[in-house]
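# Close look at the chain arrangement
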Amino acid sequence: MVFAADNRCVARLFPLKSASFFNNLGQLFVSAQETALKPVNIGICGIGTVGGGTVDVLCRNAVEIAARSGRDVKILQLGSRRPPKCDIGDAIVSSDIFDVAVNPDIDILVELIGGTTTARDLVMKAIANGKHVVTANKALIAEYGNEIFAAAAKHGVTVAFEAAVAGGIPIIKALREGLSGNRIEWLAGIINGTGNFILTEMDDRERGFAEVLAEAQELGYAEADPTFDVEGIDAAHKLVILTALAFGVPLQFDKVYTEGITKIELRDIKFARELGYRIKHLGIARRHGDRLEMRVHPTLIPQERLIANVNGVMNAVLVQGDAVGPTLYCGAGAGGEATASAVVADIIDLVRTLDATPEQRVPPLAHFGEPDAGREFIGIAEVVCAHYLRMTVLDETGVLTKISQILANAGISIEAVIQKEARRGEKTVPLVLITNEVADRTITDAVVQIEATAMVEGSVMRIRVEELAG
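Fair warning: this is a prediction, and the values are worked out from it, not measured in the lab.

### Digging into the confidence of the model for the protein chain
- On average, residues of the protein chain score 89 in pLDDT, and 88% of them reach the 70 mark or higher.
- Confidence over residues 1-17 falls short of pLDDT 50; this stretch has 22 contacts with residues more than four positions distant or in other chains.
- Predicted confidence is poor over residues 28-35, with pLDDT under 50, and the contacts of this stretch with residues over four places away or in other chains come to seven contacts.

Have a look at this one:
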């Protein structure tokens, strides 16, 4: 037998009869060595914060990466409209990123340009040219992943996307590998660092939303247009990917209920704390027999839960498996080198499997079928959970009784109450309630009735409550 450097058997020859056998044997051994030692050429498109971090990690940890992947990994070409700020060695720089996708010497293309238009064209071009792809682009995967993975399956290449969810936290690998023997019951995650930073600052320092958002923009945590972060769209993209992996369904971005954090006021933070909760912006996916739910919204979580104490720009994902129970994955959810850590891990995994058959390389998402196949998603109206209600009511006797009666008529019981006394000269007071678990449509109808009464001023603030107990 002849073995390559990675112990694969490359030849089994017998009987040993002639000198030509030994010549052939030597040639096979040399060929095997050359195959094992041939560098894998990487092309990186987009040399911004994450792209520069990826270059730095690949260069700084080249020895460790080669040892773990079994081959040297070489950055052969970069696609960037601007001169890279990082040290790129002897790599070629092309202003046209599509040059990287068609370069016959590139084995793996790393897409870090962001967006969903040019990035989609780039990835599809790379796949058509037989390149494996690594991406950190959650919007691209969430919105066009079904198409991309189908193309990857057709061309026998892999699209890896660990960095698309929760930055440096290896949650994709945890779902695919570490928890693969489990039936996932539910998952809940703080998967947007900007929103978590804002809510943490409001809680810890008792600052208003607008003030903290402005600071987040100054620090570079939030974009000039923060809509994707504060309205929950970024978290929704990530939740779609986690749901597909956890429950084996196609990527279906249009099925996510999405609500942001812009309506959260400082007084809600304080009331939640008084009731023993903290407010976090969560992405939640849960199994209900053959049906699933996907939702992103602010959530009250008991203060003693570990995930309730994940603060600042950190991310965390809590997964409930039927065998292992609850497991929590926490770490840096953004940043150049934190995200680069996940990008490089995907590169190493791809290098290890370059000699595998196409069927072995294709990621599981390629086999989940067409959208709407398999399990049905339930709408937010059917979701059952407890609710936090805050309202401004007249400072009159019997108001709480009347509101309680409206709730009771709908089959809703009250678990906790905060009723403050009116300040001198004021005719209204805040009233805060925590209800029992109830269907979303039921609490919605009850809130409409409460708002219609003369004893309530303005709108009722409602936030869902989750225990997240294993």
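Further notes follow.
### Considering the nonpolar core
- Of all hydrophobic cores here, the largest spans 56 residues; its most connected members are Ile127, Ile171, Ile241, Leu242 and Val319.
- For this core, the secondary-structure elements that each account for two or more residues are helix H4 (98-102), helix H5 (118-128), helix H6 (138-155), helix H7 (171-178), strand S9 (184-190), helix H11 (233-247), strand S12 (291-302) and strand S13 (314-321).
- Sorting elements by how many residues they give to this core places H11 first, with ten residues.
- Dropping the residues within four chain positions of it, isoleucine 171 is found in contact with Glu162, Val165, Ala166, Leu242, Val317, Val319 and Tyr329.
- One finds Ile44, Ala160, Val344 and Leu350 within the second-largest nonpolar core, a separate group that totals 29 residues.

### As for unusual backbone geometry
- A positive phi angle, close to 55°, is found at glutamate 206, a residue other than glycine.
- With respect to the helices and strands, the residue glutamate 206 is situated in the loop between helix H8 (193-205) and helix H9 (209-218).
- Residue glutamate 206 is classed as partly exposed on the basis of its relative accessible area, which comes to 40%.
- The phi torsion at leucine 468 lies on the positive side, around 50°, for a residue other than glycine.
- Within the secondary structure, leucine 468 is located in the segment after strand S20 (456-465).

### Things to note about the environment of serine 459
- On the secondary structure map, serine 459 appears in strand S20.
- Each C-alpha atom of the pair serine 459 and methionine 391 lies 6.9 Å from the other, and the pair is 68 residues apart in sequence.
- Not counting residues within four places of it along the chain, the set of residues in contact with serine 459 comprises Arg390 and Glu451.

### Overview of the packing of H5 against H6
- Relative orientation of the contacting elements H5 and H6 amounts to 10°, with a least axis distance of 10 Å. The orientation of H5 relative to H6 falls into the category roughly parallel. Considering only the axes of H5 and H6, their crossing is right-handed. Contacts from Ala119, Arg120, Val123, Met124, Ile127 and Ala128 of H5 reach H6 at Leu140, Tyr144, Glu147, Ile148, Ala151, Ala152 and His155.
- Residues that form the contact of H5 with H6 fall into these classes: ten nonpolar, one polar and two charged.

### Focus on the packing of aromatic side chains
- Summed over the entire model, instances satisfying the criterion amount to two aromatic pairs.
- With centroids separated by 5.0 Å and ring planes inclined at 65°, the aromatic side chains of phenylalanine 197 and tyrosine 221 adopt a geometry described as edge-to-face. Of the two residues, phenylalanine 197 is situated in helix H8 and tyrosine 221 in the loop between H9 and helix H10 (227-230); the sequence distance between them amounts to 24 residues.
- For phenylalanine 197, a relative accessible area of 8% puts it in the buried group.
- Accessibility expressed as a relative area gives 36% for tyrosine 221, which makes it partly exposed.

### Regarding H8
- Spanning 13 residues, H8 covers 18 Å between terminal C-alpha atoms, matching the ideal 18 Å at 1.5 Å per step.
- For H8, the full list of buried residues reads Gly193, Thr194, Gly195, Asn196, Phe197, Ile198, Leu199, Thr200, Glu201, Met202 and Asp203.
- Tucked inside the fold, the buried residues of H8 contact S9, H9, H10, helix H12 (266-274), strand S11 (277-288) and S13.
- Between the side-chain oxygen at the start of H8 and the backbone nitrogen of threonine 194 there is a gap of 3.2 Å, and the oxygen is on asparagine 192.
- Once H8 finishes, glutamate 206 follows within two positions and takes phi at roughly 55°, a positive value.

### Considerations on the pairing of strand S3 (residues 40-45)
- Taken across its six residues, S3 has six buried, putting it largely inside the fold.
- Burial of the side chains of S3 extends over both faces: Val40, Ile42 and Ile44 are buried on one face and Asn41, Gly43 and Cys45 on the other.
- Relative to strand S4 (residues 73-79), S3 runs parallel, the two sharing six bridges. When the sheet's bridge partners are listed, isoleucine 44 is paired in S4 with leucine 78.

### A closer look at the sheet that holds strand S5 (residues 92-94)
- A sheet is described by the order of its strands in space; here six strands give the open sequence S5-S4-S3-S6-S7-S8, paired in parallel fashion. Whereas interior strands pair on both sides, the edge strands pair on one side only; in this sheet they are S5 and strand S8 (159-160).
- In this sheet, S5 lies alongside S4 in parallel orientation, the contact comprising three bridges. Bridging from a neighbouring strand, leucine 78 pairs with valine 93 of S5.

### Thoughts on the pattern of salt bridges
- Evaluation of the coordinates by the stated rule reveals 32 salt bridges.
- Two residues, glutamate 293 and arginine 286, come together in a salt bridge whose shortest N-O distance is 3.6 Å. In this pair, the class of glutamate 293 matches that of arginine 286, namely buried.
- In this structure, the salt-bridge partner of arginine 295 is glutamate 466, at a minimum N-O distance of 2.6 Å. Taken together, the residues arginine 295 in strand S12 and glutamate 466 in the segment after S20 connect sequence positions 171 residues apart. The same class applies to arginine 295 and to glutamate 466, which are both buried.
- Three or more residues joined by partner-sharing salt bridges are found here, namely Asp203, Asp204, Glu206, Lys270, Arg273 and Arg278.

Quick notes on the rules
- Residues numbered from 1 in each chain as written.
- Predicted model: local features only at pLDDT ≥ 70, side-chain atom pairs only at ≥ 80, totals over all residues.
- Heavy atoms only, no water.
- pLDDT = per-residue confidence, 0-100.
- Contact = heavy atoms within 4.5 Å.
- Core = buried A, V, L, I, M, F, W, Y, C linked by side-chain atoms within 4.5 Å.
- Buried < 20%, exposed > 50% of the residue type's maximum accessible area, 1.4 Å probe, protein only.
- Helix = DSSP H or I, 4+ residues; strand = E, 2+ residues; numbered from the N terminus.
- Axes fitted to C-alpha atoms, helices over the stretch in contact; angles between N-to-C directions.
- Parallel < 35°, antiparallel > 145°, perpendicular 65-115°, else oblique.
- Left-handed = near helix turned anticlockwise from the far one by under 90°.
- Nonpolar A, V, L, I, M, F, W, Y, C, P; charged D, E, K, R; others polar.
- Phe/Tyr/Trp six-rings, centres within 6.5 Å; stacked < 30°, edge-to-face > 60°.
- Expected span 1.5 Å × (residues − 1).
- Polar contact = N/O pair within 3.5 Å; in protein donor to acceptor, adjacent residues only side chain to side chain.
- Pairing = 2+ DSSP bridges.
- Salt bridge = Lys/Arg side-chain N within 4 Å of Asp/Glu carboxyl O.

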